[in-house]
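This is what each chain is made of:
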Amino acid sequence: MTTVAEKRPTNAGHDGGRLPLEYTRHEGPLNILGFWIFLATDVVLFASLFATYFVLRTHVDGGPTDKELFGISGFTIETVLLLTSSFTGSLAVYAMRNGNKKRLLGWLIVTLLLGIAFVGYELHEFLDYAAEGATMQRSAFLSAFFTLVGTHGAHVTFGIIWMASIIVQIARYGIDAINARKTFIVSLYWHFLDIIWIFIFTTVYMMGVVS
Amino acid sequence: MLESLKEFAGHFFVTGEPLIYMSDVAIVVVSLAIVFTLTYLKKWKWLWKEWLTTVDHKKIGIMYLISALLMLFRGGVDALLMRTQLALPNLHFLDPQHYNEIFTTHGTIMILFMAMPFLFALFNIVVPLQIGARDVAFPYLNAISFWLFFFGALLFNLSFVIGGSPDAGWVSYPPLTELATDPGPGENFYLLSLQISGIGSIATGINFIVTILKMRAPGMTLMKMPLFSWSVLASCIIIVFAFPALTVALALLMFDRLFGTHFFTMLHGGNPMMYINLFWVWGHPEVYIAVLPAFGVISEVVATFSRKSVFGYKSMVAALMVITVINYLVWAHHFFTMGASAGVNAYFAVATMLVGIPTGVKVFNWLFTMFRGRIRLTLPMLWAIAFIPCFAIGGATGVMLAAAPADYQYHNSFFLIAHFHQTLIGGVVFGLLAGLYYWWPKMFGFILDERLGKWAFWFFNIGFYVCFMPMYALGFMGMTRRVYTYPAETGWTGLNFVSTIGAYLMGIGFLLIVAQVLYSIKYGKRDVTGDPWDGRTLEWALPSPVPHYNFARIPEVSELDAWWHMKQNGETLAAQNKKAPLEPIHMPKNTGRPFIMGVFFFIAGFGFVFNWFWMGAIGLIGVVITLIARSQERDTEYEIPAEEIRRTESALGRL
Amino acid sequence: MKSRWWKGLILGAFSLFALTGCSEKYPVLHPVGPVGEQELFLIKFSTLLAAIVVIPVIALLIFIVYRYRDKPDNQAPYQPEWSESKTLEFVWWAIPILIIGILGAVTAKQTFALTHPPKNSGEPLTIQVTSLDWKWVFMYPDQHIATVNYAEIPAGRPIQFVLTADAPMNSFWVPALGGQEYAMPGMAMRLWLQADKTGTFEGKGANFTGKGFAHMTFDVKSVNESDFNKWVADVKKSAPALTKDGYKELRKPSVMGKKSFSSYPKDLFMDTVMKNGGKYMNNHWMMMDQQEKQMDHHDH
């Protein structure tokens, strides 16, 4: 198992040992830049979904409106869960920078559990709505709502599977340049989903409740 | 049991048309022939090891190229069928349903399954060589992109014999494409195959942006980078910001059709305009995704064959970047006639016209690259020269179309058809063919036969004008697009007949290109120098075909047109090789996983097409498993020992 | 060699327009009303501006390819490193900017002009148009009659076509009178047209709507005022009424010939717009309100 202390000096030659670990292998900077660009595409994807939602928001076809539908406690709990998970995700990266494998794993697992709780709550919320007859087939508004929020939820679910795979690797290989890069990238993804959620929370839920 | 099986087969397979049965037979015969040949020559292992599992950008490029040429054939046959049907009034060669399917597949295939892979072929083959890199940034992802494209195209083409083809035009506007007016799996084939190949396109966009930004040879600053690579960068930036809108448009329409949502339906609050906006937010940039690399090819070819530096390099780069920005702001010119207010229309009209400015600048710069040069009329140069007037006229009619009130008269008419074929054939296809002829020796090590190529060139060019010039006039006569026939009283017969003749001339041109390739494989002049055209950029410094690691030693670049200046100073890569001992090279390992992932995507797509959700789920789970397997993989590279590189290089006479 | 071909082809293309352009077969180039005329002006104007760039480009190309061809005895100058000229580049950034500036200004002005009825004309007439699979229904709210696949209009009066669809969207185009506008479900969109002459002009559905699309043509018959009134009276007297069930029949996908109806359910057009999502389209709804006010005013 390679530790940070062993790894760093070997890279001191061309970067003076100043680079964070995730940038030290040749593919590190490429993957990280590539991932930033991927996030840009995802921004466009969500922007398109948001635009669709705003166009169709009032198209309720006699069915429930956003104000009637959204329960404040539900989306508040979801928000707290996801924001907290973003924070614990940062703590994980901090632990990684300090080369503390145990803490890194611990915080990643906490993040993962919070993510699972978030998805669980969201599913619960969706099922509640469906039970009231507010399914995505009911009206254009509901189609847009379930698709926008559901796409975010699907992203989080994917992130959970991905993070679990990285946790396994850290447990096996420790904090090396590859795992550092993977952890860094998955944390970028996680924060990105957090930011998307903040937009959903404010423009979909909050504006829906107060409108 | 037998009865229900029969009934199922009756729906599942397309029946009732002699053309379809003929193609069924052709498909079975060709597939058997391929299987037999591979088995007989014991080439299965070779196919798997050398091609299906490759992550080498050059091989992936060649696979894109072969697919693009096959799709050009299919799309071209579609075009000839349409032109045959329209040659005379009241023909019953095709019935309306069949005609509708054919213009839909023609448009979709030509844009997404011909132009895109053709572009990606050149991206892959040229960019790493031109910027002095050993591969793209993400070779594994590159292979995934190709296989997603491949299986997307396969799924789309399958609709010809299974389930039925989509029949609502390549734009697939709802509410026509909703279940109520378009039941059956045809439209699902369109939605899912575009979705699958679209994911691949986004990945390609990301891949090449990172490749170009991060992997240029030392000394090659952005302003010393060849214009083709610049154009690829511009094109990929557009891909990255435009394709997600298509992803969403297709996904939402698919939800409507598969899950009963109401995004674009007429009832329950759906809004079809939303689809049209999302579609063109991608659709208009798509035109520039295709044409900018063609511009790049023209810049390279014109400079090389005028033996002169490209004129106004900085302006050329600026023009590319200006187009990259403006092209996002013009999409609504595709629907000036859909009730937008005068203010909106005026804005989009003027914004669209603005694109004409940088484009005009590029044309003048090409002309002045030739000015005071020495022009060699080789095949690539012929296509480049043919490109300029054709694209200039196409661009001019584009500016005419941008004048919103005039567009009320052109919209949906044959004038529009003539315009966009002139930009897409005269612009994209001429440019890509110029690139194909130009880089062919680099890919395969021999030059395509000049005599046959000139025949092909003249047939295709004359055919083009004979086919499309009459369409401008037909537009003024009020002929609308997508009509499967017309009555004789309209007076459209003469021009339509002429146009059909032109289409067949182009068809002959295409066959001559095929003949030229086949002939040249055996008799074409071999390229032993690696620099048959007296080129200017780094790819010509390498031997043809290029060894799989590209550069034994990454060259240092100090000027634009790096290879030209090296030659001026009497330098070669061989000389650089000798300066110091060669070092071992890290290369990515071949892997079959991208192919397998493509298969799973195909399974998922096929399942959803027929609403077999169990099958869709199996496919998607397969995709996730391949992703996890990749995430867990750590040993992805291997090392080529210095000794092996030394041997390869000296065999190529480079040591 | 190649340059001659192009010259020939381009000249051929131009002469094709020149020779055949005079015939009645080119409705876009021979409009019979002010809207089509304005659009034709813009077509000609933009063609001219485009030609100012395109023709010199082609001429230059021919000249350059000929003069600088790679022949051993070519005496023309060869300057392989000459690749920059601020003056020249300034010129060809400036030319297109100037041309686009002019064309853009004219276009913007016209775009706004066409949203109003033609000036110095008679009293406007409103016709509500519904596109169905695969036929056109015309309703005359002032006359309370309806037709299928043909419309009579009084020559010299501006016609306000209000368009919607009760089927996949189509586009309403009468090339001899002027440009098209889409007929879209849930939206009521306005198109001003006017015929200055009498005669029958072909109209067509320009946007693809499926199997019967090619047959979605209709006639617009322009007649003088008294003939128009006579026709209205005739239809009222002799034609059957369009009932709600009758409309349901019409709505079924089919291709059919011309039909006339002496009356139609009063709110049929509005109901159609509303049913297909019109209630969510604020802009269009406001436009309809204004128009109703206009009509009320007209009635009193």
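Above this note sits the structure.
Residues numbered from 1 in each chain as written. Chains lettered and ligands numbered in written order. Predicted model: local features only at pLDDT ≥ 70, side-chain atom pairs only at ≥ 80, totals over all residues.

Caption draft 1: Expanded view of the pairing of strand β7 (residues 178-183) of chain C. Residue and element names in this part refer to chain C. Summarising burial for β7: 6 of the 6 residues are buried, a large majority. Summarising the sheet, strand β6 (residues 170-174) and β7 pair through 4 bridges and their orientation is antiparallel. Within β7, the position partnered with V174 by the bridge is G178. The hairpin turn running from β6 into β7, its antiparallel successor, is 3 residues long. (Buried ≥ 20, exposed ≤ 12 C-beta atoms within 10 Å, placed from the backbone. Helix = DSSP H or I, 4+ residues; strand = E, 2+ residues; numbered from the N terminus. Pairing = 2+ DSSP bridges.)

Caption draft 2: Up close: the sheet that holds strand β3 (residues 145-148) of chain C. Residue and element names in this part refer to chain C. One open sheet accounts for 6 strands, arranged β8-β5-β1-β2-β3-β11; its pairing is mixed. The sheet terminates laterally at β8 (189-193) and β11 (259-261), the two strands that pair on one side only. Between one strand axis and the next, the sheet turns through 20 degrees on average, direction left out of account. (Axes fitted to C-alpha atoms, helices over the stretch in contact; angles between N-to-C directions.)

Caption draft 3: Looking closely at the environment of G507 of chain B. All names here are of chain B. Here G507 shows up in helix α16 (residues 493-523). Each C-alpha atom of the pair G507 and G463 lies 8.4 Å from the other, and the pair is 44 residues apart in sequence. Those residues in contact with G507 that lie beyond four places of it in its chain are G76 and L80. (Contact = placed C-beta atoms within 7 Å.)

Caption draft 4: Region of the structure containing helix α2 (residues 18-40) of chain B. All names here are of chain B. Taking 1.5 Å of rise per residue, the 23 residues of α2 would be expected to cover 33 Å, and the 32 Å separating its terminal C-alpha atoms lies within 8% of that figure. By the criterion of burial, α2 is predominantly exposed, with just 0 of the 23 residues buried. K42 occupies a position one or two residues after α2 and carries a positive phi of about 55 degrees. (Expected span 1.5 Å × (residues − 1).)

Caption draft 5: Structural view of the packing of helix α7 (residues 186-214) of chain B against helix α8 (residues 227-259) of chain B. Residues and elements named next belong to chain B. Between α7 and α8, the least distance of the axes is 8 Å, while the angle of their chain directions is 150 degrees. The angle between α7 and α8 places the two elements in the roughly antiparallel class. The way α7 lies across α8 gives a crossing that is left-handed. Each residue belonging to the contact of α7 with α8 can be placed in one class, and the counts come to 21 nonpolar, 8 polar and 2 charged. (Parallel < 35°, antiparallel > 145°, perpendicular 65-115°, else oblique. Left-handed = near helix turned anticlockwise from the far one by under 90°. Nonpolar A, V, L, I, M, F, W, Y, C, P; charged D, E, K, R; others polar.)

Caption draft 6: Quick look at the sheet that holds β7 of chain C. Residue and element names in this part refer to chain C. As summarised here, the arrangement of the 5 strands in space is β4-β10-β9-β6-β7, forming an open sheet in which the pairing is mixed. Across the chains shown, the open sheet's two edge strands, defined by having one partner strand only, are β4 (150-154) and β7. Between one strand and the next, the sheet's axes are offset by a mean angle of 25 degrees, whatever the strand orientation. Bridging between β4 and strand β10 (residues 217-223) involves 5 bridges; their strand directions are parallel. Within β10, the residue paired with A151 across the bridge is V220. Across the sheet, helix α4 (residues 225-238) touches β4 and β10, and the angle it forms with β4 is around 135 degrees.

Caption draft 7: Quick look at the nonpolar core. Membership of the largest hydrophobic core comes to 369 residues, with the highest contact counts inside it found for I209, A249, I298, L367, W383, F387 and A434 of chain B. The leading source of residues in this core is α8 of chain B, at 24 residues. (Core = buried A, V, L, I, M, F, W, Y, C linked by C-beta atoms within 7 Å.)

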